[in-house]
Amino acid sequence: MLILLPLNNRIEWRHAPVITLTLILVNAVIFYALQGNDNKIDEQASKYYFESGLAQYESEVYPKFLENQKENETLLSLQHSIRGLDPVLSAAYLQSYTDLDYAYQKAITNGRILNISDKLLQNTRKHRQQYQKILSKSTYRNYSLRPAQPTWVTFLTHMFLHADSAHLWGNMLFLFLVGFSVETILGGKIFFLMYLGNPPIIN
């Protein structure tokens, strides 16, 4: 749907874009006050993933899970990604796959993976639970929008989260330049509703 706005209207600071400026402030506060430790938490979780042996356990368990689920394309993609890599990079790729595979995480929790030993499953479950516990302290992990697990809360909160300062201030510059004009023309209430009702873009 195409929306045409009369952007040729003159914009004056006497009618300051209060909502736009407030949104910029809110985004900045959330990033620096709530997301400040997210990178450290991710580093701590990654360190645990390698040092606990979870990477080794999942290198055996996850491919078997994909086979059982007949997720052949995902399995081939994983195998292609890690082929020829050193163990650290290989484990990092594996970590990225398992972090986003919520069906796998649920299967580990419920103990529903065929053709692996009970001991291997128990070790994997124990260390993945600890790994997830570390990640649960991350604001970004808790409140970003997960396509496989959408909620009304994350549908709202995801639009206030940013990966890093460059992401934050790039978005805020765009918000200021566009929001300034749109809010002045449409009014603060309508602009705010449009901002909150903006559908997420999932890459």
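Residues numbered from 1 in each chain as written. Predicted model: local features only at pLDDT ≥ 70, side-chain atom pairs only at ≥ 80, totals over all residues. Heavy atoms only, no water.

Peer 1: Could you give an account of the overall build of the protein, with specific residues and numbers?
Peer 2: Along the backbone of the protein there are 11 helices and 0 strands. Each helix and strand of the protein, ordered N terminal to C terminal, gives the series α-α-α-α-α-α-α-α-α-α-α. Of all 203 residues assigned to the protein, the portion counted as buried reaches 34%. Counting only contacts in the protein whose residues sit at least 6 apart along the sequence, the fraction spanning at least 24 positions is 72%. (Helix = DSSP H or I, 4+ residues; strand = E, 2+ residues; numbered from the N terminus. Buried < 20%, exposed > 50% of the residue type's maximum accessible area, 1.4 Å probe, protein only. Contact = heavy atoms within 4.5 Å.)

Peer 1: Residues and numbers for helix α6 (residues 102–110), please.
Peer 2: Turning to α6, its buried residues number three or more, namely Y102, Y104, Q105, A107 and I108. Buried-residue contacts for α6 involve α3 (54–68), α5 (87–100) and α7 (118–135). Where α6 begins, the capping side chain belongs to D101, and its oxygen is found 3.3 Å from the backbone nitrogen of A103. With its phi angle positive at about 65°, G111 sits one or two positions after the end of α6. (Polar contact = N/O pair within 3.5 Å; in protein donor to acceptor, adjacent residues only side chain to side chain.)

Peer 1: Help me get a handle on unusual backbone geometry, residues and values and all.
Peer 2: Of note in the backbone geometry, K70 takes a positive phi value of approximately 60° without being a glycine. Within the fold, K70 resides in the loop between α3 and α4 (72–82). Phi angles above zero are rare outside glycine, and N115 is one such case at about 65°. Here N115 lies in the loop between α6 and α7. For N115, a relative accessible area of 64% translates into the label exposed.

Peer 1: Account for the packing of α4 against α5, with residues named and values stated.
Peer 2: In helix packing, the relevant descriptors are the interaxial angle and the interaxial distance, both defined with respect to the helix axes. In the contact formed by α4 and α5, the axes pass within 9 Å of each other and the chain directions differ by 155°. It follows from the interaxial angle that α4 and α5 lie roughly antiparallel. Judged by the twist between their axes, the crossing of α4 over α5 is right-handed. Facing α4, whose interface residues are T74, S77, L78, S81 and I82, α5 presents S90, Y93, L94 and Y97. Its residues placed into classes, the contact of α4 with α5 shows 5 nonpolar, 4 polar and no charged. (Axes fitted to C-alpha atoms, helices over the stretch in contact; angles between N-to-C directions. Parallel < 35°, antiparallel > 145°, perpendicular 65-115°, else oblique. Left-handed = near helix turned anticlockwise from the far one by under 90°. Nonpolar A, V, L, I, M, F, W, Y, C, P; charged D, E, K, R; others polar.)

Peer 1: Summarise the nonpolar core; cite the residues concerned and give the values.
Peer 2: Core analysis: the largest hydrophobic core is formed by 24 residues, its most contacted members being V61, Y62, F65, Y104 and I113. Residue assignment for this core shows that the elements contributing at least two residues are α2 (38–51), α3, α4, α5, α6 and α7. For this core, the leading source of residues is α3, giving 6 residues. I30, L168, V182 and F191 belong to the second-largest nonpolar core, a separate cluster that totals 13 residues. (Core = buried A, V, L, I, M, F, W, Y, C linked by side-chain atoms within 4.5 Å.)

Peer 1: Explain the packing of aromatic side chains to me, and be specific about the residues and the numbers.
Peer 2: Tallied over the full model, the rule gives 9 aromatic pairs. With a centroid separation of 5.9 Å and an interplanar angle of 80°, the aromatic rings of Y49 and F50 are classed as edge-to-face. An aromatic cluster is built from Y49, F50 and Y131, whose rings are joined through pairwise contacts. (Phe/Tyr/Trp six-rings, centres within 6.5 Å; stacked < 30°, edge-to-face > 60°.)

Peer 1: Would you mind going over a nonpolar patch on the surface in detail, with residue names and values included?
Peer 2: Taken together, the side chains of L173, F174, L177 and V178 present a nonpolar region at the surface, about 420 Å² in accessible area. Tracing the backbone shows V178 in helix α10 (residues 165–186). (Patch = residues over 30% accessible without salt bridge, like charges linked within 9 Å, V, L, I, M, F, W, Y side chains within 5 Å. Areas by Shrake-Rupley, 256 points an atom, 1.4 Å probe, with all protein chains shown as cover. Salt bridge = Lys/Arg side-chain N within 4 Å of Asp/Glu carboxyl O.)

Peer 1: Give me the pattern of salt bridges: which residues, what numbers.
Peer 2: Considering all chains together, one arrives at 5 salt bridges under this definition. The salt bridge involving R141 is made with D42; its shortest N-O contact spans 3.4 Å. In this pair, R141 is assigned in helix α8 (residues 139–143) and D42 in helix α2, connecting sequence segments 99 residues apart. When the shortest N-O distance is used, the salt bridge between D99 and R128 registers 3.8 Å. You can see D99 sitting in helix α5 and its partner R128 sitting in helix α7, a full 29 residues away along the chain. A relative accessible area of 3% means that R128 is categorised as buried. One connected set of salt bridges, linked through shared partners, spans D42, E58, D99, R128 and R141.

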